Amino acid sequence: MLGARAWMGRSLRLPRARLGLTASRRGSSSRDKDRSATVNSSVPMPAGGKGSRPSCPPATPQKAPNRLINEKSPYLLQHAYNPVDWYPWGQEAFDKARKENKPIFLSVGYSTCHWCHMMEEESFQNEEISRLLSEDFISVKVDREERPDVDKVFMTFVQVSCFPVGKILSLVHSTLCGGSRNPELHWKQNKNTLLENSQRVTTALLARSEISMGDRQLPPSAATMNTRCFQQLDEGYDEEYGGFAEAPKFPTPVILNFLFSYWLTHRLTQDGSRAQQMALHTLKMMANGGIRDHVGQGFHRYSTDRQWHVPHFEKMLYDQAQLAVAYSQAFQISGDEFYSEVAKGILQYVSRSLNHRSGGFYSAEDADSPPERGSRPKEGAFYVWTVKEIQQLLPDPVQGATEPLTSGQLLMKHYGLTEAGNISPSQDPNGELQGQNVLTVRYSLELTAARFGLDVEAVRTLLTTGLEKLFQARKHRPKPHLDSKMLAAWNGLMVSGFAVTGAVLGIDKLINYATNCAKFLKRHMFDVASGRLKRTCYAGNGGTVEHSNPPCWGFLEDYTFVVRGLLDLYEASQESSWLEWALRLQDTQDRLFWDSRGGGYFCSEAELGSGLPLRLKDDQDGAEPSANSVSAHNLLRLHGFTGHKDWMDKCVCLLTAFSERMRRVPVALPEMVRALSAHQQTLKQIVICGDPQAKDTKALLQCVHSTFVPNKVLILADGDPSSFLSRQLPFLSTLRRLEDRATAYVCENQACSMPITEPCELRKLLHQ
C-alpha cells in the first residue's frame, strides 16, 4: 500500500518494462498490503476481471465513475469512484503510457484488506494526490487475488532489494524521487540513469527466480531435511502460547501438517512426542483465543499479539479450508473431540456465510464494518462486545450458583470480558476498540464450574445458549463487506476441507458440500474445449454466476489445489469421476506450466505472463502451501492411483529442482519436505474390495478415514474389471474378497498384505 506522499525510489529495467515499488506504511503480512509501483511498458497485458461492493459507496459524490466501474472485481469496484483516473490492468493503460512517455503507477491490493481501505481514504480519495497520480502517471489498479503473478513479481523485487515489506515507506526519498515531491520530473530528467538501475535489478530478479535441477540428479535425503526442519521449528516455538513467532501470529497449517507427519514417523522418539505436543498445543491455544470467532465460528486472519487474543478480524476462505483439515487431523491423532468440534464449527461458518447457491464459496469477509448503520467503518466492529451489551442480552439468573450470578456474568468470566475492555491500547493504534472486548477462553469448563459451584455440563449448556443469543443479536449489526469473488484455487482447498473432515468424522453432509463445490468448479470454472480452468468468477444478480470478458485463466495454484481437492473427494466419496477429472487437469497443468528444462512448475502460463519480466516458481509454503509443494504430493498420489511412471518422474524432477532451497531453509518449505518424505518412504495403497453400499465395506473405509495415515491412496475395488481404476491398475483384479466379505489389502512396493476383514486388524496394520 502506498503511503500518502511516499514514493519508493528504485526504478528497475525489466525486459521491455520499467518498474519501481512502494508498499504499506504498516501492517504485518505480505497478504495484508496494497503494494504499488511505477511502470512503463509497451508489452501487451491481459485485462483483469470484475466484482462489486455495494456496501461501500463513495465517501463524497463524484462527477462520474472512473474506468473501474466496468470491472467485476470487488476490489476494483471499491475504487471506481476515486478521483484518481484509474485504469484496469490491460493494453489500454500500457499503450497510453508508451504514447505519453509516462511511468505507470501500479497499485495492487484486495477487497477485504484493512490497510487498503485506509490507503484509499488517506490517499486515493485525496484530491491533491489524485491529481498528481492522474497528471504525471498512468494509474493502474490490480486485484492481487485475480493476478497473483503480478503480485509475486513485486514481492520478489522487494526480497531482491532487501526492503522489509512493512518498512518500505522509510525509503520515501530515494532515487526515483531524489528528495523531490515530483517523481515524474525525476523520471524525465534522469531517464537513462533510472533505466540502468532497472537493468541491474532485473538481473538480480532473474537470478533470484532461478529454480532448476542444474547438475543435480536426485533430491536430498528426506531424513536430513525432516530433522533440520523440525529443529528450526523447535527453536522458534512459543512454549507458553503455541505458535512460532512473538507477534503477529498467523495460522500455519503447513507447519502443523509437517509436525503431525513428523510425529508419525518418529512417534517412539522424544522428538516425535515433541512434534505432536507443539502442533496440538498450538491448535488448542488458537481455538481458545480471540483469533477464533467464538460466536459465529471460523478463524480470523491473524493475531496481532503473542497470546492469540486480539485478531486482525478479516476472515479468508483459504484459512478456513486448511484449518478444518488440521483440526480433523488433530482429532484423528488425539481422539479429543475438542478438535473435531472446532473443525465442524469452521465448516458451519463457511457453509452459512461464504456459500454461493451454485455450490461455490466466496473469498473473504472484511475486517471493517460500521458500528451502526450509516457510520464510518471500524475494524472489528462486527465482532467485539461491551459489558453493557452482554448484561442486557443475558440477564437471567443462574440457578444453583454459590453466589448471585447471571448468565451474562458467567459468560464474561469464562471469556475474559471486563468493564474497561480487554483490548490493550498497543493493539488498538487508532483507538477504535476502546471499551470493547474480544471473546477469548480464559478458563477450562471445569475451572469455571468450580468457581461458581456448578456442574460442568450445566456450564457448557449456559455458555452455548449465551453464545447463540449473542449470535442472534449480532445479526442485527451492519455486516462486514463480503468479497463475492470466487477463486478456483481456494474452492479447491475448500473441497479438501469438506471432504477430509467429512470422511474423518463420518459426516455425509460435509462430503455433500465438497461434491457440490466440485460440481460448481466443473460447471462454472472449467472450459471443456481447452481443458483449462478459469481463475475467477463472481456472484451475479439473482444467484447467477458471472465471468469477466475475456476470462481470467487459471494459474498453477488453481490446478494444483483443485486436483488435490478432487483426489480428497474421491477418497471420501469413492466416486471415480472425480479421480478421472483430476487426471485430466493434471495433464493440462503439465502442458501449461511444467519446466521441461529446469524441472518444477512455473506459477503462470507463458502467454499469461507475457506482460511481466519473468515466470516465477513459488518457493515458500506460507498462508497457503506453495503450488509446487502440493504438486509434488499430487504427482505421488496420482502415480499411486494409476501407476503412470511419468508422474513419478516429474515428482523426482520437481523435488530435485527445489533441492537447494530445501537444503538452505527447509522450514520455508515444510509441505515440500513432507512430499520428499512421502516419496522416499513410498505411499501405501490401501485397497478395499467390496460393495460400496454394504455395511462391512463402509466399516473398513471408515477405519481408514479415522486413522492418521497421510502418505496413502485409498482405493475402492468394486469387482468391475471395466471400471476406471481397474483399467489403470491391473493388479486390482487379482485381489479377492475373503469369504464374500469386504476385504482390505495394504500394498507397498508392489507387494500386498494378507487379506483383512476386521476393522480392528486393519487399524493395527495401519499403525505399524
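Details of the structure are given in the entry above.
In every chain, residue numbers begin from 1 and rise along the written sequence. The predicted nature of this model means local features are confined to residues of pLDDT at least 70 and side-chain atom pairs, given and counted, to a pLDDT of 80 or more, with totals for whole chains, interfaces and linings taken over all residues. Side-chain figures throughout are based on the complete set of non-hydrogen atoms in the structure, without hydrogens or water.

> Provide a residue-level description of the sheet that holds strand 9 (residues 315-316), including the pertinent values.
Pairing between strands requires that DSSP locate at least two bridges from one strand to the other. Put simply, DSSP marks the helices as runs of H or I at least four residues long and the strands as runs of E at least two long, and each gets a number from the N terminus on. A sheet is described by the order of its strands in space; here 3 strands give the open sequence 9-10-13, paired in antiparallel fashion. Of all the strands in the sheet, the pair left with one neighbour each is strand 9 and strand 13 (482-483). Alignment of strand 10 (residues 364-365) against strand 13, held across 2 bridges, turns out to be antiparallel. If you follow A364 over to strand 13, its bridge partner there is D483.

> Describe the pattern of salt bridges, listing the residues and the values that go with them.
Salt bridge, as applied in this entry: a Lys or Arg side-chain nitrogen positioned within 4 Å of an Asp or Glu carboxyl oxygen. Going through the model one piece at a time under the given rule, you end up with 44 salt bridges. Between K469 and D396 there is a salt bridge, with the nearest N and O atoms lying 3.7 Å from each other. Of this pair, K469 sits in helix 16 (residues 456-474) while D396 sits in the loop between helix 13 (387-393) and helix 14 (407-415), and the two are 73 residues apart along the sequence. The rule is simple: take the accessible area with a 1.4 Å probe, protein chains only, and divide by the maximum for that residue type; under 20% is buried, over 50% is exposed, in between is partly exposed. A residue is classified by how much of its surface remains accessible, and D396, at 41% relative accessible area, is partly exposed. The partner of K712 in a salt bridge is E571, with the nearest N and O atoms 3.5 Å apart. Of this pair, K712 sits in strand 20 (residues 712-717) while E571 is found in helix 19 (residues 556-573), placing the two residues 141 residues apart along the sequence. For K712, a relative accessible area of 14% corresponds to the buried category. Judged by its relative accessible area of 6%, E571 is buried. Taken together, the shared-partner salt bridges in this structure form one network comprising D143, E145, D483 and K485.

> With reference to specific residues and values, describe the state of the cysteines.
Throughout, disulfides are identified as pairs of cysteine sulfur atoms within 2.5 Å of each other. Inspection of every chain in the model, using the stated rule, returns 1 disulfide. This cysteine, C689, is not joined by any disulfide, and C747 carries the nearest cysteine sulfur, 8.8 Å off. Judged by its relative accessible area of 3%, C689 is buried.

> I'd love a proper account of helix 17 (residues 488-505), names of residues and values included.
Under the convention used throughout, the expected extent of a helix is 1.5 Å for every residue step, that is, one less than its residue count. With 18 residues, helix 17 should reach 26 Å at 1.5 Å per residue; the first-to-last C-alpha distance of 26 Å fits that figure. With 17 of 18 residues buried, helix 17 is to be regarded as a mostly interior element. Phi turns positive one or two residues past the end of helix 17, at G506, with a value near 70 degrees.

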